[in-house]
Amino acid sequence: MNVKKIAAAVLTGALLVGATACTSSEYENRKKAQSAALKNSLEQANLKEKLDRENDSSAIRYVYLISFAKPIGYYVIKGKVSSSGSQLAPEQDLIRRSGEDYVLDSAQDDGTYGSGDPGIFFFLGDGTMVSTTLDYIEADAPLPIDVPRLGGKP
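Residues numbered from 1 in each chain as written. Predicted model: local features only at pLDDT ≥ 70, side-chain atom pairs only at ≥ 80, totals over all residues. Heavy atoms only, no water.

**Quick word on the sheet that holds strand β8 (residues 135–139)**
1) Next: On the basis of which strands lie adjacent, the open sheet formed by four strands has the order β8-β1-β2-β9 and mixed pairing. The open sheet has two edge strands, β8 and β9 (149–151), and neither has a second partner. Averaged over all adjacent pairs, the angle separating strand axes in this sheet is 30 degrees, with direction ignored.
2) Next: Both strand β1 (residues 60–67) and strand β2 (residues 70–78) contribute to a ladder of eight bridges, which runs antiparallel. Bridge pairing in β2 links Ile-60 to Lys-78. (Pairing = 2+ DSSP bridges. Helix = DSSP H or I, 4+ residues; strand = E, 2+ residues; numbered from the N terminus. Axes fitted to C-alpha atoms, helices over the stretch in contact; angles between N-to-C directions.)

**Let's talk about the sheet that holds strand β6 (residues 120–123)**
1) Next: One open sheet accounts for three strands, arranged β3-β6-β7; its pairing is antiparallel. At either margin of the open sheet sits one strand with a lone partner, and together these are β3 (82–83) and β7 (129–132).
2) Next: In the sheet, β3 pairs with β6 via two bridges, with the strands oriented antiparallel. Across the sheet, Ser-83 pairs through a bridge with Ile-120, a residue of β6.

**So, the pattern of salt bridges**
Any two side chains of opposite charge can pair, on the condition that their charged atoms come close.
1) Next: In this structure the tally under the stated criterion is six salt bridges.
2) Next: With a closest N to O distance of 2.7 Å, Glu-49 and Arg-53 form a salt bridge. With Glu-49 and Arg-53 both in helix α3 (residues 42–54), this residue pair falls four residues apart, about one helical turn.
3) Next: For Arg-53, a relative accessible area of 41% puts it in the partly exposed group.
4) Next: Residue Asp-101 pairs with Arg-96 through a salt bridge whose shortest N-O separation is 2.7 Å. (Salt bridge = Lys/Arg side-chain N within 4 Å of Asp/Glu carboxyl O. Buried < 20%, exposed > 50% of the residue type's maximum accessible area, 1.4 Å probe, protein only.)

**Some thoughts on the nonpolar core**
1) Next: Among the nonpolar cores identified, the biggest contains nine residues, and these are Val-63, Leu-65, Tyr-75, Ile-77, Val-81, Ile-120, Phe-122, Leu-124 and Val-130.
2) Next: Taken together, the elements giving at least two residues each to this core come down to β1, β2 and β6.
3) Next: Those residues in contact with Ile-120 that lie beyond four places of it in its chain are Val-81, Ser-82, Ser-83, Ser-84, Val-130, Ser-131, Thr-132 and Tyr-136.
4) Next: The next biggest cluster of nonpolar side chains, apart from the first, holds five residues, and it includes Tyr-62, Tyr-64, Val-76 and Val-147. (Core = buried A, V, L, I, M, F, W, Y, C linked by side-chain atoms within 4.5 Å. Contact = heavy atoms within 4.5 Å.)

**Regarding the packing of aromatic side chains**
1) Next: Tallied over the full model, the rule gives three aromatic pairs.
2) Next: On the basis of an interplanar angle of 85 degrees and a centroid distance of 6.0 Å, the ring pair of Phe-121 and Phe-123 is categorised as edge-to-face.
3) Next: Owing to a relative accessible area of 35%, Phe-123 belongs among the partly exposed residues under this scheme. (Phe/Tyr/Trp six-rings, centres within 6.5 Å; stacked < 30°, edge-to-face > 60°.)

In structure tokens form, the structure reads like this:
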């Protein structure tokens, strides 16, 4: 094959793909139809249950802190464990100047720039906030791990 035939084949393929591409609303409709077709999806049921439990602000949970692969203690918490790097506002802004788009880092929620705090944080039943960078296990019932309770009232 010569270069012109290869180029023609690539162009034809690109045109076919472009002609069959979906608009965003068609894509959304296709995704909804796929989700509806999975009426008994255990994965979807598990994700929904997880989301429901995580968004229960009155839920009591148990956070076991781990250091060097060993549980060192646990907290009884109210609510959920959250990432210290989470933000309420987007981390980047899209700015259009002179017909071109630029992505710029946004200020964090506290008005500063740079990477957010590492680790996690959570609240004890008495309102005390605990932050840590240790690994952890979170459960919604006590686990059979023999470690001391570190504090907080449920």
